[in-house]
Amino acid sequence: MSAGVLWLLLLLLGVGGSAGCGMPLEVEEDPILTGGNTPESVVDNFLRDLNSALKDPFITERETRQLWERQIAGHFAPSERLDQREAIALMLANFATGMANLAEDQTLTVEIRYEGVRLIEQQGHTARVQIVDGWLSLRQYRLVENGKRVVQRDQGRPLSEILGQKDQIIPVRRIDGQWFITEFTGP
C-alpha cells in the first residue's frame, strides 16, 4: 500500500475536524515485529486491527489511540513504520475528534468490509495481496425519543474507489521471516 494510498484511506476515515494528535513520534527502542506469517495474514490482520480501532469505545482517549497506532503500524515494514504510524495517529485523532463532536443522541460506525484476501503473486521476498470485494461503510445513527436508533446517514463506497486502484492490491515484503505491508514494490 503506497503512502499516498494509505493517506487517502486514512484521511477519508477522519470523520470530523482536522485535529492533530500533538504527540511527537520517536524511534521506538523496542519496535514490535508484528507483520504476518504469510502475505495474506499481514493484510488481513491490518484490516482487522484497523476495524477494531474504529470500534473501540475508548478511541477518544489519547492513550487508547497510541496503543492502536503502534498495533496498526506494526503491520508495515520496520523501515516505513514511523511514517505510517504518523499517518495512523493523524487519522485516529481526526476520527476521535469526529466522534467527540457528535451530539449525545448520535453514534457513528465506520468499517472496512471485505470478503477476504488472496495471494495474487509471490516472487522471492515480495508478494501482492488482493483485498476481495473491499467496501468502506459509514453509518450515523440518532437515538429518538422512543429509544429506537434511526439511521441518519448511510454511506458506502467500494474500497477500490477510495484507494484509487481497481484491483485493491497491496504490496507486501518478507523481512527476517515475517511479511509486512510496504510501499516498496521492487525486487
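Higher on the page you've got the structure.
This one's a predicted model, so the numbers in the text were calculated from it and none came from an experiment.

Examined against the element boundaries, Gln 152 turns out to sit in strand S5 (residues 149-158). The sequence separation of Gln 152 and Gln 140 amounts to 12 residues, and the corresponding C-alpha distance is 5.5 Å. Excluding its chain neighbours within four sequence positions, the residues that come into contact with Gln 152 are Gln 106, Gln 140, Tyr 141 and Arg 142. Engagement of the side chain of Gln 152 in a polar contact is seen with the side chain of Gln 106, the distance being 2.9 Å.

A word on the pairing of strand S1 (residues 106-113). Residues Gln 106, Leu 108, Val 110 and Ile 112 point to one face of S1 and are all buried, whereas Thr 107, Thr 109, Glu 111 and Arg 113, pointing to the other face, are not buried. Of the pairings in the sheet, the one linking S1 to strand S4 (residues 135-143) comprises eight bridges and is antiparallel in character. Pairing of Arg 113 across the sheet is with Trp 135, part of S4.

This part takes up unusual backbone geometry. The phi angle of most residues is negative, glycine excepted, and most peptide bonds adopt the trans form. The backbone of Asp 133 shows a phi angle near 50°, a positive value even though the residue is not glycine. Within the secondary structure, Asp 133 is located in the loop between strand S3 (126-132) and S4. A positive phi angle is found at Asp 176, which is not glycine, with a value near 50°.

The strand order across the open sheet formed by three strands is S1-S4-S5, and the pairing between neighbours is antiparallel. The sheet is open, and its two borders are formed by S1 and S5, each paired with just one other strand. Put simply, the sheet's adjacent strands are angled 15° from each other on average, direction ignored.

In a pair of packed helices, the angle between the axes and the distance between the axes together describe the arrangement. Remark: helix H3 (residues 62-73) packs on helix H4 (residues 81-100), axes separated minimally by 9 Å, with the N-to-C direction vectors making an angle of 140°. Of the possible angle classes, the one that applies to H3 and H4 is oblique. H4 is crossed by H3, and the crossing has right-handed handedness. Here Arg 65, Gln 66, Trp 68, Glu 69, Arg 70, Ile 72 and Ala 73 of H3 lie close against H4, whose contacting residues are Arg 81, Arg 85, Ile 88, Ala 89, Leu 92, Ala 93 and Ala 96. For the contact of H3 with H4, the per-class residue count stands at eight nonpolar, one polar and five charged.

Applying the stated rule across the entire model yields eight salt bridges. Taking the shortest distance from any N to any O, the salt bridge between Arg 48 and Asp 44 comes out at 2.7 Å. Note that Arg 48 and Asp 44 are positioned in helix H2 (residues 39-55) at a spacing of four residues, about one turn of the helix. Residue Asp 44 is classed as buried on the basis of its relative accessible area of 16%. Between Glu 69 and Arg 85 there is a salt bridge, and its shortest N-O distance comes to 3.7 Å. Pair noted here: Glu 69 is in helix H3 and Arg 85 is in helix H4, with a separation of 16 residues, a long-range link.

Definitions and limits used
Residues numbered from 1 in each chain as written. Predicted model: local features only at pLDDT ≥ 70, side-chain atom pairs only at ≥ 80, totals over all residues. Heavy atoms only, no water. Helix = DSSP H or I, 4+ residues; strand = E, 2+ residues; numbered from the N terminus. Contact = heavy atoms within 4.5 Å. Polar contact = N/O pair within 3.5 Å; in protein donor to acceptor, adjacent residues only side chain to side chain. Buried < 20%, exposed > 50% of the residue type's maximum accessible area, 1.4 Å probe, protein only. Pairing = 2+ DSSP bridges. Axes fitted to C-alpha atoms, helices over the stretch in contact; angles between N-to-C directions. Parallel < 35°, antiparallel > 145°, perpendicular 65-115°, else oblique. Left-handed = near helix turned anticlockwise from the far one by under 90°. Nonpolar A, V, L, I, M, F, W, Y, C, P; charged D, E, K, R; others polar. Salt bridge = Lys/Arg side-chain N within 4 Å of Asp/Glu carboxyl O.

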